[in-house]
Amino acid sequence: DAKTTQPPSMDCAEGRAANLPCNHSTISGNEYVYWYRQIHSQGPQYIIHGLKNNETNEMASLIITEDRKSSTLILPHATLRDTAVYYCIVHSGNTPLVFGKGTRLSVIA
Amino acid sequence: NAGVTQTPKFQVLKTGQSMTLQCAQDMNHNSMYWYRQDPGMGLRLIYYSASEGTTDKGEVPNGYNVSRLNKREFSLRLESAAPSQTSVYFCASSEGPGWWQPQHFGDGTRLSIL
């Protein structure tokens, strides 16, 4: 599976959109982009995944660039409860998920 | 609807003791997984069960055994605990089969081995 690069930490003001970037320049055509998050003292939580089209669900939006070499997870109105570590994972579905170190998002009141 | 339930939530063991971590899911999922998470590191897969009746090793299986008791339950056993196994253990499940299905995680068992 392709390697991902995420910033180690980000801050976001409460009520504003949180935009979390992920670079995956070596992604293959059959690999999906998955996002999970882990709130302190809890297990990881699945957020969203996509192949090449933008995706939206009740939690977030996923924007994938046309060349698929990068993506952005958008939390449209961040709340304090969105403070967590966010993991971007590129995955073909043929092998186990590999969780990296992610981005620690701090939502500030 | 509890999702994935892990017991116990906390445990302290002495070196050499044995213990079984329990995991149960109520989502009728086919696949189940055990991970460990150490400070500053991502989750690492210990064992998984793609479907009832099958188990396979993950990235770090040494020192552990698993049992897929039925479709709902997947247990992780430490036969002779070592300090290096101090960690937070997470169980997960997915509809399966296949790794592309989103995984649903429990809230973990925090295990300390003295």
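What counts, and where the lines are drawn
Residues numbered from 1 in each chain as written. Chains lettered and ligands numbered in written order. Predicted model: local features only at pLDDT ≥ 70, side-chain atom pairs only at ≥ 80, totals over all residues. Heavy atoms only, no water. Contact = heavy atoms within 4.5 Å. Buried area = accessible area lost by both parts, 1.4 Å probe. Salt bridge = Lys/Arg side-chain N within 4 Å of Asp/Glu carboxyl O. Polar contact = N/O pair within 3.5 Å; in protein donor to acceptor, adjacent residues only side chain to side chain. Helix = DSSP H or I, 4+ residues; strand = E, 2+ residues; numbered from the N terminus. Disulfide = S-S within 2.5 Å. Buried < 20%, exposed > 50% of the residue type's maximum accessible area, 1.4 Å probe, protein only. Core = buried A, V, L, I, M, F, W, Y, C linked by side-chain atoms within 4.5 Å. pLDDT = per-residue confidence, 0-100. Pairing = 2+ DSSP bridges. Axes fitted to C-alpha atoms, helices over the stretch in contact; angles between N-to-C directions.

(A) Broad picture of the interface of chain B and chain A. Chain B puts 17 residues into the contact, and the matching count from chain A is 19 residues. Counting the surface lost from both chain B and chain A, the interface buries some 1,400 Å², and carbon and sulfur atoms represent 59% of this. For the interface between chain B and chain A, the tally reads zero salt bridges. The interface formed by chain B and chain A includes seven residue pairs in polar contact (both at pLDDT 80 or more). When contributions to the side of chain B that touches chain A are tallied by element, the ones reaching two or more residues are β4 (31–37) and β5 (43–49) of chain B.

(B) Fine view of the state of the cysteines. Evaluated as defined, the whole model comprises two disulfides over all chains. Through a disulfide, Cys 22 of chain A is tied to Cys 88 of chain A; the S-S separation comes to 2.1 Å. Judged by the sign of its S-S torsion, about -80 degrees, the cystine formed by Cys 22 of chain A and Cys 88 of chain A is left-handed. In this pair, Cys 22 of chain A is assigned in strand β2 (residues 18–23) and Cys 88 of chain A in strand β8 (residues 84–91), connecting sequence segments 66 residues apart. In this structure Cys 22 of chain A comes out as buried when scored by relative accessible area, which is 1%. A disulfide bridge connects Cys 23 of chain B with Cys 91 of chain B, and the sulfur atoms are separated by 1.9 Å. When the S-S torsion is -75 degrees, as for the bridge of Cys 23 of chain B with Cys 91 of chain B, the disulfide is left-handed.

(C) Representation of the nonpolar core. Leu 20, Trp 35, Leu 73, Leu 75, Tyr 86 and Leu 105 of chain A are the most contacted members of the largest nonpolar core, which totals 21 residues. Element by element, the count of residues in this core is highest for β8 of chain A, at four residues. If you look at the next biggest cluster of nonpolar residues, it comprises 20 residues, including Leu 13, Cys 23, Phe 74 and Leu 111 of chain B.

(D) Spotlight on the confidence of the model for chain A. With 98% of its residues at a pLDDT of 70 or more, chain A has an overall mean of 94. When pLDDT is averaged over each element of chain A, β2 of chain A comes out on top at 98 and β8 of chain A at the bottom at 94.

(E) Seen up close, the environment of Ile 48 of chain A. Residue and element names in this part refer to chain A. Here Ile 48 lies in strand β4 (residues 45–50). Sequence spacing of Ile 48 and Ile 108 is 60 residues, and the spatial spacing of their C-alpha atoms is 24 Å. If we skip the residues at most four places from it in the chain, Ile 48 touches Val 33, Tyr 34, Trp 35, Glu 55, Thr 56, Asn 57, Ala 60, Ser 61, Leu 62 and Leu 73.

(F) The sheet that holds strand β3 (residues 32–38) of chain A, seen in detail. Residues and elements named next belong to chain A. With mixed pairing, the five strands of this open sheet are ordered in space as β1-β9-β8-β3-β4. Because the sheet does not close on itself, it has two edges, and the strands there are β1 (9–13) and β4. The mean angle between the axes of side-by-side strands here comes to 25 degrees, regardless of whether they run parallel or antiparallel. Sheet topology note: the β3/β4 ladder contains five bridges and is antiparallel. The residue bridging Arg 37 from the neighbouring strand is Gln 45, located in β4.

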